[in-house]
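Now for the letters of each chain:
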Amino acid sequence: MREKIQALEARARQFEQGRAKRKEWRDAVIEYSDEFIDGLSEGRAYNEYTVEGLAKHPFEIESTSAEIDEVLEEIKTWIDKPGLNAASGGHIGYIPGGGLYPGALGDYIAAFMNKYSGVYYGGPGAVRLENTLVRWMCEMIGFPKTALGNLSSGGSLATMIAVVTARDFKKINSQNIRQSVIYTTVQAHHCVQKAIRISGLGEAQLRYIPVKKDFRLDENALQKTIETDKANGLNPFLVIGTAGTTDTGVIDPLDAIADIAEANDLWFHVDGAYGGFFILVDELKPLFKGIERADSVVIDPHKGLFLPYGLGAVLIKNVAAMHASHRYLPSEANYMQDSFYVDSDPSPADLSPELTKHFRGMRMWLPLKLYGVDTFKAALKEKAYLTRYFYDEVQKLGFEVGPNPSLSVTTYRYAPADMSLEAANELNKKLVELIRLDGRVFLTSTTLDGVYWIRVAVLSFRTHLKHIDIILEMLQKGIEGIK
Ligand SMILES: *Cc1c(COP(=O)(O)O)cnc(C)c1O
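If you're wondering where the values come from, they're calculated on a predicted model, not measured in any experiment.

## What about the nonpolar core?
Part 1 of the reasoning: Counting residues in each nonpolar core, the largest one holds 91 residues, and the members touching the most others are Leu-222, Phe-268, Phe-278, Leu-315 and Met-364.
Part 2 of the reasoning: Among the elements that make up this core, the one with the highest residue count is helix H6 (residues 124–141) (8 residues).
Part 3 of the reasoning: Two domains each provide a minimum of three residues to this core, namely domain 1 (107–371) and domain 2 (373–482).
Part 4 of the reasoning: Apart from the residues within four sequence positions on either side, Phe-268 is in contact with Val-239, Gly-241, Leu-254, Ile-257, Ala-258, Ala-261, Gly-290, Arg-293, Ala-294, Asp-295 and Ser-296.

This is the structure we're talking about:
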């Protein structure tokens with residue numbers, strides 16, 4: 001047996017080929033990352049591809065080893081190139097991300113160290129670091145010191161945690177689910193419906209409260225709907241507002257919703273996945289008034305802190321409720337019996353669906369340390385100003401615009417008075433297509449009440465005036481070409 005094991009060991013030790021090999025691999029990857037990042041300023045935000053072309057590439061897994069250069073070539077050709085380049089400053093569609101370099105280095109550290117950050121007992125420093133980041137965000141939005149939360153893989157998962165906590169805290173069960181009511185607007189992100197469905201609340205009543213002209217929730221309608229529902233013997237328990245909607249970037253009247261939630265004993269959740277970090281900008285902070293009165297808030301560092309994809313956060317005031325919904329019961333997991341609850345810092349494993357997890361706090365902490373919060377504030381302010389500048393300039397070209405941009409999303413369309421709605425929709429679709437084919441910037445659109453609108457969403461840390469100028473130039477050329 002010992003000989004057999006030793007023979008296997010010789011093979012298994014190939015995982016550890018020593019420093020020289022590590023250096024060879026690392027140098028090749030670093031060289032690629034430098035090339036990639038330096039190429040971004042001239043590169044494209046979008047590359048056309050065909051599904052058939054991509055389908056030809058097998059990404060084959062083989063039993064023998066490959067050379068690093070070969071593998072990197074495969075990555076460049078088949079992953080890096082096709083489709084949207086989300087690291088590009090030209091990415092001004094959907095809600096852009098970014099990918100700050102120290103975020104990648106944070107992942108590198110987290111991965112080689114493989115520190116376990118799920119339970120305090122195993123990784124006290126890692127857990128404390130993650131909880132410190134959560135507490136920093138809680139303080140930022142005005143939550144009390146007793147609040148906590150969780151770093152999740154993204155806003156959707158974070159929303160799930162909040163909805164599940166609200167469900168349990170409000171004691172929604174098989175007896176009362178059909179009478180229980182949730183309130184939001186059609187402008188809420190679809191991850192809200194998804195969280196409601198996945199958390200077993202699909203049979204509850206979901207009411208879409210009308211929005212006002214500027215697409216913000218109408219608080220009077222909310223108030224009236226709740227009154228009617230109560231009069232009909234229903235059980236209103238949850239209201240979801242948005243701080244920065246995906247479509248138009250507006251912020252629901254959070255303070256007014258908080259009043260109504262308080263008076264009617266509703267759990268108040270705020271989705272700040274996109275917009276939340278703009279609260280760091282002093283002159284935008286007043287727009288968020290009322291967020292501090294929420295029971296739970298979702299905020300996405302992989303959006304507003306420009307970090308690589310894979311980092312959302314949920315912040316919850318009632319930590320006991322969050323814990324009750326997500327904790328490990330010792331009686332259900334004997335293999336966890338050594339992981340006694342240390343009351344100094346709650347474990348992420350007890351506050352989320354995860355057990356073994358990515359030590360994702362490191363990719364947030366490192367950039368915050370290396371740049372300092374003021375750099376983030378300045379960049380966020382720049383993005384808001386770029387959007388306002390665009391909003392003014394696009395009107396000079398003769399475009400109609402949507403609501404005044406609150407943060408960094410705005411909508412616009414070219415619709416001469418003598419043009420039918422259908423023709424105008426078609427024309428604006430063509431403009432988006434034109435810009436997509438040019439490839440320097442990438443824009444997306446939305447439909448509001450049957451009307452097609454083009455959007456700009458400025459949130460990549462690499463987006464600057466130059467990109468806004470490209471859009472304006474392309475739009476001008478586009479409408480001239482059509483005229
Ligand atoms: C992006 C977004 C989400 C979903 O977050 P993910 O991180 O993509 O899962 C939810 N709400 C809003 C307003 C968003 O912009």
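Past the structure itself, the notes keep going.
## Points about the domain arrangement of the chain
Part 1 of the reasoning: Structurally, the chain comprises domain 1 (107–371) and domain 2 (373–482).
Part 2 of the reasoning: Taking only C-alpha atoms into account, the centre of domain 1 sits 30 Å from that of domain 2.
Part 3 of the reasoning: For the pair domain 1 and domain 2, the two sides together bury roughly 2400 Å², of which 71% comes from carbon and sulfur.
Part 4 of the reasoning: On the domain 1 side of the interface with domain 2, the three residues burying the most area are Asp-247, Phe-278 and Phe-306, jointly 27% of the side's total.
Part 5 of the reasoning: With a shortest N-O distance of 3.6 Å, Arg-388 and Glu-283 are connected by a salt bridge.
Part 6 of the reasoning: Seen at the junction of domain 1 and domain 2, the total is 7 residue pairs in polar contact (both at pLDDT 80 or more).

## As for the site of the ligand
Part 1 of the reasoning: In the vicinity of the ligand there are 14 residues, among which Gly-155, Ser-156, Asp-271, Asp-300 and Lys-303 approach most closely.
Part 2 of the reasoning: One of the side-chain nitrogen or oxygen atoms of Asp-271 is found 2.6 Å away from a nitrogen atom of the ligand.
Part 3 of the reasoning: Within the side chain of Lys-303, an N or O atom sits 2.8 Å from an oxygen atom of the ligand.
Part 4 of the reasoning: For the ligand, whose accessible area on its own is 380 Å², the fraction buried by protein is 86%.
Part 5 of the reasoning: Its residues placed into classes, the shell around the ligand shows 4 nonpolar, 7 polar and 3 charged.

## Some thoughts on the packing of aromatic side chains
Part 1 of the reasoning: Under the criterion given, the structure shown has 12 aromatic pairs.
Part 2 of the reasoning: Arranged with centres 6.2 Å apart and planes meeting at 65°, the rings of Phe-306 and Phe-461 form a pair that is edge-to-face. Of the two residues, Phe-306 sits in the loop between helix H11 (301–304) and strand E9 (312–316) while Phe-461 sits in the loop between strand E13 (451–457) and helix H16 (465–482), which places them 155 residues apart along the sequence. Comparing Phe-306 with Phe-461, the two get one shared label, buried.
Part 3 of the reasoning: Every member of this aromatic cluster is reached through a ring pair, and the members are Phe-306, Tyr-371, Phe-376 and Phe-461.
Part 4 of the reasoning: For the cation-ring pair, Arg-413 lies above Trp-453, with the distance from its terminal atom to the ring centre recorded as 5.5 Å.

## Notes on the environment of Ser-117
Part 1 of the reasoning: Residue position: Ser-117 is located in the loop between helix H5 (101–113) and H6.
Part 2 of the reasoning: Through-space distance from the C-alpha of Ser-117 to that of Leu-355 is 9.0 Å; in sequence the pair is 238 residues apart.
Part 3 of the reasoning: With near-sequence residues (within four places) excluded, Ser-117 lies in contact with Ala-126, Val-127, Glu-130, Pro-348, Lys-357, His-358 and Phe-359.

Reading the values: rules and limits
- Residues numbered from 1 in each chain as written.
- Predicted model: local features only at pLDDT ≥ 70, side-chain atom pairs only at ≥ 80, totals over all residues.
- Heavy atoms only, no water.
- Core = buried A, V, L, I, M, F, W, Y, C linked by side-chain atoms within 4.5 Å.
- Buried < 20%, exposed > 50% of the residue type's maximum accessible area, 1.4 Å probe, protein only.
- Helix = DSSP H or I, 4+ residues; strand = E, 2+ residues; numbered from the N terminus.
- Domains from an automatic or database assignment.
- Contact = heavy atoms within 4.5 Å.
- Buried area = accessible area lost by both parts, 1.4 Å probe.
- Salt bridge = Lys/Arg side-chain N within 4 Å of Asp/Glu carboxyl O.
- Polar contact = N/O pair within 3.5 Å; in protein donor to acceptor, adjacent residues only side chain to side chain.
- Near = heavy atom within 4 Å.
- Areas by Shrake-Rupley, 256 points an atom, 1.4 Å probe, with all protein chains shown as cover.
- Nonpolar A, V, L, I, M, F, W, Y, C, P; charged D, E, K, R; others polar.
- Phe/Tyr/Trp six-rings, centres within 6.5 Å; stacked < 30°, edge-to-face > 60°.
- Lys NZ or Arg CZ within 6 Å of the ring centre and 35° of its normal.

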